[in-house]
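# A closer look at the structure
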Amino acid sequence: MSTSPILAPLNAAQRAAVTTGAPQTLVLAGAGSGKTRVLVHRIAWCLEQGLASPSGILAVTFTNKAAAEMRARIEQLLARPVGGMWVGTFHGIAHRLLRAHWREAKLPEQFQIMDSDDQQKVVRRAIRGLNLDEHHWLPKEAQWFINARKDEGQRPAHIDTAGDHVLQTMVEIYKAYEEACQRAGLVDFAELLLRAYELWRDTPGLLRHYQERFFHVLVDEFQDTNAIQYAWLRLIAGERAHVFAVGDDDQSIYSWRGARVENMQRFRRDFPRHEIVRLEQNYRSTGNILDAANALIANNTARLGKNLWTDGSRGEAIKLYAGYNDIDEARYCVERVRDWHRDGGRFDDCAFLYRTSAQSRVLEDALRQADVPYRVHGGFKFYERAEVKDALAYLRLANFRGDDAAFERIVNLPARGIGNRTLDDVRQTARLERITLWDAAVRLIAHRELGSRAAGALQQFLSLIDELAHEIEGLGLDSTIELVVERSGLVDHYRKEKGERGLDRIENLAELVTAARDFELPEDDGELPLVSAFLSHAALEAGEGQAGSFEDSVQLMTLHSAKGLEFANVFLVGMEEGLFPHTRSASDPNQLEEERRLCYVGLTRAMKQLTLSYAESRRLHGTDYYPQPSRFLRELPSNLVEQVRLGGASPALDPRTRVVEDTNGYPYRLGQRVHHRTFGEGVVLHLEGRGAHTRVQVNFAAGGVKWLVAAYAGLEAD
DNA sequence: AGGTCGGATCTTTTT
DNA sequence: GATCCGACCT
């Protein structure tokens, strides 16, 4: 049995999880303990042992990437393709269910998925429709409210307003928004989950069908599930299914989005026949890094409890650098990356992690200056770009005239003389008659209730869409997109935009055609028309920001997007009070613990080298701040940390922390006051080079800014 | 109907 | 300081 490739590479705990006979299993998987591996091997094990057929397996993740990786690794392990399994994201699987059972779910067959951008616009329209002041009732806040409620599984009718006027109004907005979505066949992300839940809850026959099919339900990142996802899982699990949930309460960093760590505790209550397996052996990081991470997270209360260990080496000390300012901090990190590269390391293996995306700027500047290639993760996704969404809106409307979000988006883009007055008439008619914007437009024109100019322009738009719909019939997907781009007039419109921007956009439209050409129908979604499948794909899988450049480059990302990844050489920058932990989280103990978990996630990304840094002054929002070093730094055992200083003595955080001179052996510290025989008093601005070649830039009170070779300058510290 | 200006805002963002 | 949004102007 141990010769099986499925079990052979596993340690005892992993093997116990993979081969468990318990009907319900909760795997507490520490960072780097082989979480994905256990999921993959568990599925392979069930298949190989004949405990399950592929079609009996439902495996749920949070990201498309994780789902794709899981499927690929299962097939690799079994050395054959495995059809019939449902492996996907919560949203992807919910979507699939709703497509298959749109009637029971009370959706139009052509329903479309909205991203949060679209959603905000529909919310805004709902607010205006209720004649509310949108400065007081901010669309963003209402959107937040609606999503939070949906994440909790609450419809407007479920919310007890208890006479609270504000709450009452929010619920009214929620209701109006819901009606608008229903009319237009629009489904937001939270709605996908809620609908899928209600579909099963309210259609017992259907639920039974799926319960009988999915005998094995597996969940990744269980600590990130929200209330509705948990309820959905309980439904499908029923009394019979084997449930296999993998998660780490210490890596729960999405509570602000409705994720509920308590679901791990609830699992133990709701699935009484469960078994718990702890994966604590870490295969990623050095002993020092793990000890630091363990010590940090021990400051949190309410943990399920876990202690990571490794039988690998202690590794190097964790480095802590106190920058003179944010620019110096970035400069230091980039220099360490260059050292790494000079010693034969790859840029790819280096990651700069930060709390807020705004921090990437300074790092990027420093990298560019040093000519080090880099890549920023997160940010704008391909399918979220305005021009891409514009083009897709044409396709959406041609596909389904009732799509109000698409209608609003392009009715006057490019400008075709349909002004706000006209549109308000259309909107009002739609609202009063409870019909779609499209139908309202048709009606207004037919009843001659518009000025002749407006009516003409509007009719032209309607005809354009109708013609487009006709012309794309029978075309391939890429020809369809090509035609849409061409007929929409978007290219001409963007050509008029000045500067690079317009060109960029036209390029992206071309890229969209390429994306359509490369698009393949998901194997099991054969029933869905190609165009619908592509539109859903665009909404559910927004794609990476930049087209993948394959150059060896330093990776930049927020701590949130670093979860699940690992790098040999990690830089955790901006370790400052106010920034990390963030001010907005400092007052609430729960949020503070989440910040600490975020820090834990950051530390545990590192395999070999870990550098922490902070700046003594930082430019933020146009003003200078002088932050204190992060409290998290004080929570790290001082014997694991080595503070790096550019010459000169400066108080370490903890008197026991070792202080070492920078390896460059700089004799001065940035910001240090110095004295020169001829130039007089000055302040050190920059240091570069090493050893005998060290050069120092000094701003002299009398002589201005000068570069000097340290060895000959004869500078004296003041 | 589009451009410009002033003001508010400034955490994280799997889908 | 940068950006995003809406009001206002042309």
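This text follows the structure it describes.
The structure reproduced in this document is the subject of the present report. (Residues numbered from 1 in each chain as written. Chains lettered and ligands numbered in written order. Predicted model: local features only at pLDDT ≥ 70, side-chain atom pairs only at ≥ 80, totals over all residues. Heavy atoms only, no water.)

## Some remarks on the protein's contact with DNA strand B
In the vicinity of DNA strand B there are 27 residues, among which Arg 355, Ser 357, Ala 415, Thr 558 and Arg 584 approach most closely. In the environment of DNA strand B, a sugar or linking oxygen lies 3.4 Å from a nitrogen or oxygen atom belonging to the side chain of His 582. For the surface near DNA strand B, the elements supplying multiple residues, two or more each, are α24 (559-562), α25 (583-586) and α26 (589-603). Grouping the constituent residues of the surface near DNA strand B by class yields seven nonpolar, 14 polar and six charged. (Near = heavy atom within 4 Å. Polar contact = N/O pair within 3.5 Å; in protein donor to acceptor, adjacent residues only side chain to side chain. Helix = DSSP H or I, 4+ residues; strand = E, 2+ residues; numbered from the N terminus. Nonpolar A, V, L, I, M, F, W, Y, C, P; charged D, E, K, R; others polar.)

## Some remarks on the protein's contact with DNA strand C
Taken together, the residues surrounding DNA strand C are Arg 124, Glu 134, His 135, Arg 361, His 621 and Gly 622. The sugar-phosphate portion of DNA strand C accounts for 50% of its atoms within 4 Å of the protein, the bases making up the rest. Arg 124 places a side-chain nitrogen or oxygen 2.8 Å from a phosphate oxygen of DNA strand C. In the model, a phosphate oxygen of DNA strand C is placed 3.0 Å from a nitrogen or oxygen of the His 135 side chain. Split into classes, the residues belonging to the surface near DNA strand C amount to no nonpolar, three polar and three charged.

## Some points on the nonpolar core
Ranked by size, the top nonpolar core spans 67 residues in total, and within it Leu 58, Phe 222 and Trp 232 carry the most contacts. Examining the composition of this core, we find that ten residues originate from one element, helix α7 (residues 165-184), more than from any other. Those residues in contact with Phe 222 that lie beyond four places of it in its chain are Leu 26, Tyr 230, Leu 233, Ala 245, Val 246, Gly 247, Asn 263, Met 264 and Phe 267. Counting residues in each nonpolar core, the second largest holds 58 residues, with Val 411, Leu 437, Ala 440 and Ala 515 among its members. (Core = buried A, V, L, I, M, F, W, Y, C linked by side-chain atoms within 4.5 Å. Buried < 20%, exposed > 50% of the residue type's maximum accessible area, 1.4 Å probe, protein only. Contact = heavy atoms within 4.5 Å.)

## Re the pattern of salt bridges
Summed over all chains, the structure comprises 51 salt bridges. Of the charged contacts, one joins Glu 387 and Arg 505 as a salt bridge, the two residues approaching to 3.4 Å between their closest N and O atoms. Placement of Glu 387 in helix α15 (residues 386-399) and of Arg 505 in helix α22 (residues 500-518) is noted, with a sequence separation of 118 residues between them. A salt bridge links Arg 427 to Asp 424; its shortest N-O distance comes to 2.9 Å. Taken together, the residues Arg 427 and Asp 424, both in helix α17 (residues 420-433) and three residues apart, mark about one turn of the helix. Look at Asp 424 and you get partly exposed, because its relative accessible area is 41%. Because the salt bridges share partners, they merge into one network encompassing Lys 150, Arg 155, Glu 178, Asp 188, Glu 191, Arg 195 and Glu 198. (Salt bridge = Lys/Arg side-chain N within 4 Å of Asp/Glu carboxyl O.)

## A look at the sheet that holds strand β7 (residues 242-247)
Pairing is parallel across the open sheet formed by six strands, whose spatial order is β3-β2-β6-β7-β1-β8. The open sheet has two edge strands, β3 (86-89) and β8 (274-279), and neither has a second partner. Taken over all neighbouring pairs, the strand axes of this sheet differ in orientation by 15 degrees on average, direction set aside. Where strand β1 (residues 24-29) meets β7, five bridges bridge the pair, whose relative direction is parallel. Across the sheet, residue Val 27 finds its bridge partner in β7, namely Val 246. Docked against the sheet, helix α4 (residues 90-100) engages β2 (57-61), β3 and β6 (216-219), running at close to 115 degrees with respect to β3. (Pairing = 2+ DSSP bridges. Axes fitted to C-alpha atoms, helices over the stretch in contact; angles between N-to-C directions.)

## Thoughts on the pairing of strand β9 (residues 318-323)
On any regular strand, side chains alternate: one points to one face of the sheet, the next to the other face. Counting buried positions over the six residues of β9 gives five, a clear majority of the element. Here β9 runs beside strand β17 (residues 641-645); their pairing, made up of four bridges, is parallel. For Lys 319, the partnering residue across the bridge sits in β17 and is Glu 642. Sheet analysis places β9 next to strand β14 (residues 606-615), joined by five bridges and oriented parallel. By the bridge assignment for β14, Leu 320 is matched with Leu 612.

## Remarks on the packing of α4 against helix α10 (residues 227-237)
At a minimum axis distance of 12 Å, the contact between α4 and α10 shows a crossing angle of 60 degrees. By the angle between their axes, α4 is oblique relative to α10. At the point where α4 passes α10, the crossing takes the left-handed sense. When α4 is examined against α10, the residues Phe 90, His 91, Ile 93 and Leu 97 are found in contact with a partner set consisting of Gln 229, Trp 232 and Leu 233. (Parallel < 35°, antiparallel > 145°, perpendicular 65-115°, else oblique. Left-handed = near helix turned anticlockwise from the far one by under 90°.)

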